[in-house]
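# Coordinate inspection notes
What follows is each chain in one-letter form.
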Amino acid sequence: MATIIPVASFDCVVFGATGDLTTRKLLPALYYRFKDGQIPKTSRIIGASRSAMSTEAFRERARDAVKRFVPAVDIDETKLADFLEHVDYVAVDGAGEEGWSDLAAKLAERPDQIRPFYLATSPDLYGSICRNLSAHGLIGDKSRVVLEKPIGKNLKSARAINDAVGEVFPEEQIFRIDHYLGKETVQNLLALRFANTIFERLWTADVIDHVQITVGETVGVEGRAGYYDTSGALRDMVQNHMLQLLCLMAMESPLSLDANSVRDEKLKVLRALKPITPNDVQSVTVRGQYAAGAIDGKSVDGYRTDIGGNEASRTETFVALKLEVQSWRWAGVPFYLRTGKRLPKKLSEIVVQFRASPFSIFPAESFGREPNRLVIRLQPEEGIKLEVMTKDPGPGGMRLRPTNLDISFEETFKQRYPDAYERLLMDVVRGNATLFMRRDEVEVAWAWADSLLKAWADRPESPRLYPAGSWGPTAAIALIERDGRTWHEEMN
Ligand code: BG6
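## Points about the overall build of the chain
Looking only at helices and strands, one finds 17 helices and 17 strands in the chain. Taking 2.2 N^0.38 as the reference for a compact globule, 492 residues should give roughly 23 Å; the C-alpha atoms of the chain span a radius of gyration of 24 Å, in line with that estimate. Dimensions of the chain along its principal axes, counting C-alpha atoms only, are 80 × 55 × 45 Å. For the chain, with 492 residues in total, the buried portion stands at 54%.

Quick look at the structure:
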C-alpha cells in the first residue's frame, strides 16, 4: 500500500453542488481521500448552488451520493459521518448577486486555507462566477479555479471562456480538467514510455507501423440529450480525451515532469496534427450514429429515440479517424482513432502495431500472421500486453505462434484503482498542474477540431447509422482496411 501524504488544509467551494458531476464523482472522490487520511480535518467542502438549502440537507445529499456511488465494502460509517461534518453549504447565484456575501463570510473564517473553486456548472457561468469571485475579494495567492469540460464548442467560444477566466485568475491558478489524464493507466503511459528504455527506442516510424486508439462505450446518451445533441462525439471525446491520449503516445520526452515541460511537449504534437481538409474528409473520417440494436443481449433504442424523437438530428455518436502527426518521428505512421456510444464493450485501449520483419527465415506456413503488437489496456482489465512470436513446443518442426507477455495491473498490484477525480482534486490542492490542460493546448485542439467540423458541416450526407452493439458503421472498417490493416478486435 502506497504511503499517503496529506495535502495542505483547504476550503474547496464546489459550484454546481446539486449537479450530476458533484454527486457521481466529486463527493465520492473527496470521501475516499478523506477516508484514507489525505484530507486534513481542518478542511471544508463547501457546496454552492442557487437552491436554498440548509447545510444539513446538503449533508444528506452528500451522504446519499457517497452511498450510491461508492461500493458498500468501501463505506466506513464512522469515517463517513466524520467526512460529512466537513461538508458545508451556501446558496449562491453564480450569475447574479445573491449569496456572495454569505460565501465571503464563510471563507473569511479561515483566511489561510488553500481555496479551490471548482466550477461544476454549465460553462456559460464560468465568466460570471469568476467576476463575482473577484468582485467579492475571494481570490488570492492560495486560490485556484477548476474548469470542467466542455471548454467551449469551438475555438471562438473556448477563447471567450479562457479570456473571461483569465481576466481574474493567472494561468498558473487555472486547472482545466480532462479526467482521462487523471486515470492511473493514462499516467502509466508516461512511466511506460519514459522509465523503460526498451520501448522508447522502438518508438519511431522505422519500427512502428501504426497506432490505434479506441475508446468504446456501451452507454448511450444517458439523460444528457440536451448537451450531447449540440456536441457529438468529436467535441465530447476526440477534441479532449482522445487527443490527449494521442499526445501522450506521440510526444517527445519532456525535460521533467514539471507541468509546463509536459504541456510544452503535448502542445507540439497538437501543432503537428495535420488538419483535415474538405478534400480528404471522406477518405480519413467516418461519422456514425447509433440505431436501435442490442447491448449485452438487451434491446436498446436508437439515438434519435433516446434524444426524444428528433428524427432530423445529424449528431455523430461515433467517429473513426486516420490522423497524421507531421514530425520526423512519426512521418508515415497513421494514428487511427475510434470512439463511440453503444458499442459492444466499454473498452479503452491503445494498440501499437510494430512493422513486420523485412523477410522471414521461417517457412511461410509457420508464419502467416501479424507481427509484434503492444496493447495498452486503459480500462477495464487494465494492463499491458506485448505479443511476441514463440516456437510451438514439440518435435513437429518450426511452427510459430504469438504468445503474450501480459501484465494485469489488478493481479500485480492487488489494490483499488482510485478514480481519476481523486488524484486530480488532490493535485489541485497541491497546485500541481501537470495533469491539467493549459490554455494553448485547449485552443490548438479546438483549432484542429474546428477545421474538421467545418468540413463535415459542408457535406450533404448525415452520419451513417450503425446498430447499437456493433463496432460502428462498416465504413469504419473500410477506413483502416483500405490501408491493408485491421482494427484490433478483428486481428485475432
Ligand atoms: C466524458 C464524456 O467526458 O467522458 C462522456 O462527456 C463519456 O460522454 C465519459 O461517457 C467517458 O469517461 P470514462 O471515464 O467513463 O471513460
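## Examining the pattern of salt bridges
Counted by the stated rule, this structure contains 38 salt bridges. With a closest N to O distance of 3.1 Å, Arg193 and Glu200 form a salt bridge. Across this residue pair, the class does not change: Arg193 and Glu200 are buried. One salt bridge in this structure joins Asp236 and Arg224, with 3.9 Å as the shortest N-O distance. Taken together, the positions of Asp236 in helix H10 (residues 233–250) and Arg224 in the loop between strand S7 (208–216) and helix H9 (225–228) put the pair twelve residues apart, joining distant regions of the chain.

## Re the packing of helix H5 (residues 126–135) against helix H6 (residues 155–166)
Relative to each other, H5 and H6 sit at 5°, their axes nearing to 8 Å. Between H5 and H6, the angle is such that the two are roughly parallel. Contacts between H5 and H6 involve Tyr126, Gly127, Cys130 and Arg131 on the former and, on the latter, Ile161, Ala164 and Val165. Grouping the amino acids of the contact of H5 with H6 by side-chain chemistry returns five nonpolar, one polar and one charged.

## Here's the deal with the pairing of strand S2 (residues 44–49)
The element S2 is largely enclosed, with a buried count of six among its six residues. Burial along S2 is two-sided: the face carrying Arg44, Ile46 and Ala48 and the face carrying Ile45, Gly47 and Ser49 are both buried. Direction of pairing for strand S1 (residues 11–15) relative to S2: parallel, over a ladder of five bridges. Each residue of the ladder has a partner; that of Phe15, found in S2, is Ala48. At this point the chain moves from S1, through helix H1 (residues 20–35), to the parallel S2, and the crossover so formed is right-handed. Here five bridges tie S2 to strand S3 (residues 87–91), and the two strands are oriented parallel to one another. Residue pairing for S3: Ile46 is matched across the bridge by Asp88.

## Re the packing of helix H11 (residues 259–272) against helix H16 (residues 439–457)
Taken N-terminus to C-terminus, the directions of H11 and H16 make an angle of 15°; their axes are 9 Å apart at the nearest point. When the axis of H11 is compared with that of H16, the two are roughly parallel. You can see that H11 and H16 cross each other, and the crossing is left-handed. Residues Arg263, Lys266, Leu267, Leu270 and Arg271 of H11 pack against Asp440, Glu441, Val444 and Ala445 of H16. In the contact of H11 with H16, the residues fall into four nonpolar, no polar and five charged.

## Here's the deal with the nonpolar core
Ranked by size, the top nonpolar core spans 149 residues in total, and within it Phe15 and Trp448 carry the most contacts. For this core, the element with the highest residue contribution is H10, accounting for twelve residues. Discounting chain neighbours no more than four positions away, the residues touching Phe15 are Ala48, Val92, Trp100, Leu103, Phe117, Tyr118, Leu119, Ala120, Thr121, Ile129 and Leu133.

## A short note on the site of the ligand
The full set of residues close to the ligand is Lys149, His179, Tyr180, Lys183, Glu217, Arg224, Asp236, Met237, His241, Lys341, Lys346 and Gln379. The side chain of His241 places a nitrogen or oxygen atom 2.7 Å from an oxygen atom of the ligand. Residue contributions to the shell around the ligand peak at three residues, all from H10. In terms of residue class, the shell around the ligand is made up of two nonpolar, three polar and seven charged.

## What to know about H1
In this model H1 runs 22 Å from its N-terminal to its C-terminal C-alpha over 16 residues, within 8% of the 22 Å that 1.5 Å per residue would give. The largest bend along H1 reaches roughly 30° and is located at Leu26, with the proline Pro28 sitting one to four residues downstream. In terms of burial, H1 is largely enclosed, as twelve of its 16 residues are buried. Of all the residues in H1, the buried ones are Thr22, Thr23, Leu26, Leu27, Pro28, Ala29, Leu30, Tyr31, Tyr32, Arg33, Phe34 and Lys35.

## Some words on the state of the cysteines
For the structure shown, the criterion picks out zero disulfides. Take Cys12: it sits in no disulfide, and the sulfur closest to it among the cysteines is that of Cys130, at 14 Å. Since its relative accessible area comes to 2%, Cys12 is described here as buried.

## Some thoughts on the sheet that holds S7
Think of a sheet as strands paired side by side through backbone hydrogen bonds, with each pair either parallel or antiparallel. Across the sheet, nine strands lie side by side as S16-S15-S14-S13-S7-S12-S11-S8-S17; this open sheet has mixed pairing. The open sheet terminates on both sides in strands that have one partner only, identified here as strand S16 (400–408) and strand S17 (464–467). Put simply, the sheet's adjacent strands are angled 20° from each other on average, direction ignored. Across the sheet, helix H7 (residues 184–194) is in contact with strand S13 (347–354), strand S14 (373–379) and strand S15 (383–391); its angle to S14 comes to roughly 145°. Seen against the sheet, H10 touches S7, strand S11 (318–323), strand S12 (335–340), S13 and S14 and runs at an angle of roughly 145° to S12.

How each quantity is defined
Residues numbered from 1 in each chain as written. Predicted model: local features only at pLDDT ≥ 70, side-chain atom pairs only at ≥ 80, totals over all residues. Heavy atoms only, no water. Helix = DSSP H or I, 4+ residues; strand = E, 2+ residues; numbered from the N terminus. Rg over C-alpha atoms; globule rule 2.2 N^0.38 Å. Buried < 20%, exposed > 50% of the residue type's maximum accessible area, 1.4 Å probe, protein only. Salt bridge = Lys/Arg side-chain N within 4 Å of Asp/Glu carboxyl O. Axes fitted to C-alpha atoms, helices over the stretch in contact; angles between N-to-C directions. Parallel < 35°, antiparallel > 145°, perpendicular 65-115°, else oblique. Contact = heavy atoms within 4.5 Å. Nonpolar A, V, L, I, M, F, W, Y, C, P; charged D, E, K, R; others polar. Pairing = 2+ DSSP bridges. Right-handed = clockwise from strand over helix to strand, strands pointing away. Left-handed = near helix turned anticlockwise from the far one by under 90°. Core = buried A, V, L, I, M, F, W, Y, C linked by side-chain atoms within 4.5 Å. Near = heavy atom within 4 Å. Polar contact = N/O pair within 3.5 Å; in protein donor to acceptor, adjacent residues only side chain to side chain. Expected span 1.5 Å × (residues − 1). Bend = angle between axes of the 7 residues up to and from the residue. Disulfide = S-S within 2.5 Å.

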